[in-house]
Structure formats: structure tokens, C-alpha cells
Amino acid sequence: PLDFSPLSQMALETAAVLAGGRPDVTLRLVHVVNHGCLNLDSRIESATAQLNRVRPGISCAARVESRVTSGWPTLKLREACDDGEVSLVVMSSHGRTGLARMIMGSVAERLMEDAPVSVLVVKPRLDKQGRLVPAVPTFRHLIVGYNHSEGAERALTLAQGVANWRVDRKLPVN
């Protein structure tokens, strides 16, 4: 999901890194225009144009598709996962807390609860002054909570794919 913020750009860069040189992977860029917006048609048109500008800048071998829809963001993103082709959602979090989170909610949090697939939430990287630091994502150290459950097995498999490594034995983390 892209909202065209610097944070969603970081999520897109992360997804491109994960896709890497794999032409068998499809990156599906999705933007949801909240149906409560004024000038809905012009916002959809504008979002479509923005996605068309973003697509050529994605540097990976994956096929890139884009889709603009309108509605409640969490619901529409959940629906985008229902076709059985999506295996991972990569999205950003604005990191809202307190009153702002209570009023605006957290699409990332709700999607993690509702999506039928794994959701990787890219958190902002900030410098000491609290400014966003753009960086190409690297995955050198991963933590996988492991408790011998089916979900933990899936998490470990996903982490192995992300890190592109092979783990010969699994160490439980309690």
C-alpha cells in the first residue's frame, strides 16, 4: 500500500529489495482513496498518475502492477489480499501514538490483525533530531520469536526467505 508519503516510499524500497532479481515475483502497488474524501474522482485520477510516475523508478526484476481503489483503507487492502496470489504485504507505519492514533487509527495494526497473509511493517528510521533518514533496507540480523507453533514455523520460513539463508536447526526462543 502506498500513500505517497516518504514512509511509504521506504516500504516500497523494502519490497523492491525483497523482490530483488526475481522476475517470478509481482509487486502490486495499491493506493486507497478514502471514500469520505471530497472530489473522489479527481483524487483517484491524481493517485493513478502518481502511481504511474512511481513505477518506472522501481529497481528490481519483479513485474510491477498498480491499482487505485476507493473505500476504507483497511477493508480495501484486506480485499486486495483475498485473491490468493498475495503472499506478503509490505507497508509503512506512521508511528502515531496517543490521541492521534486513537482518532486516526492504525491501518497497519488493523491489517496485521485482519489480513490472511503476513504483513511486514516498515518503521521510520529517524536521526537524533527526529528527521526521517532515507536508507536502502538491509536485512543482516533478524529476530524470530519461535515457540514451536505453526505460526512460528511460517515466521521462520519467511525470515529465511528474507535473509536468503538456510538454517539447519531451529532454536526455540521463549
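Before reading on, note that the structure itself is shown above.
Since the model is a prediction, treat every value here as computed from it, not as a measurement.

The rules behind each value
- Residues numbered from 1 in each chain as written.
- Predicted model: local features only at pLDDT ≥ 70, side-chain atom pairs only at ≥ 80, totals over all residues.
- Heavy atoms only, no water.
- Helix = DSSP H or I, 4+ residues; strand = E, 2+ residues; numbered from the N terminus.
- Buried < 20%, exposed > 50% of the residue type's maximum accessible area, 1.4 Å probe, protein only.
- Contact = heavy atoms within 4.5 Å.
- Areas by Shrake-Rupley, 256 points an atom, 1.4 Å probe, with all protein chains shown as cover.

Engineer: Quick question: what am I supposed to make of the overall build of the protein here?
Structural biologist: Check the secondary structure of the protein and you find six helices and four strands. Listing every helix and strand of the protein by position from the N terminus yields α-β-α-β-α-β-α-α-β-α. Residue burial in the protein is summarised as follows: out of 174 residues, 29% are buried. Residue pairs in contact within the protein that sit at least 24 positions apart in sequence constitute 69% of those at least 6 positions apart. Accessible surface, the protein as shown: approximately 11,400 Å² in total, 52% of it carbon and sulfur.

Engineer: Please clarify how the environment of Thr74 should be interpreted in this entry.
Structural biologist: Counting through the fold element by element, Thr74 comes out in helix 3 (residues 73-80). Judged by relative accessible area, which is 10%, Thr74 ranks as buried. Counting along the chain gives 36 residues from Thr74 to Arg110, while the straight-line C-alpha distance between them is 6.7 Å. Not counting the four nearest positions on each side in its chain, Thr74 is found in contact with Val107, Arg110, Leu111 and Asp114.

Engineer: Can you help me understand the side chain of Ser92 in this one?
Structural biologist: With respect to the secondary-structure elements, Ser92 resides in strand 3 (residues 88-92). By relative accessible area, which is 9% here, Ser92 ends up buried. Here Ser92 is in contact with Leu7, Ser8, Ala11, Ala108, Val121 and Val122, once residues within four sequence places are set aside.

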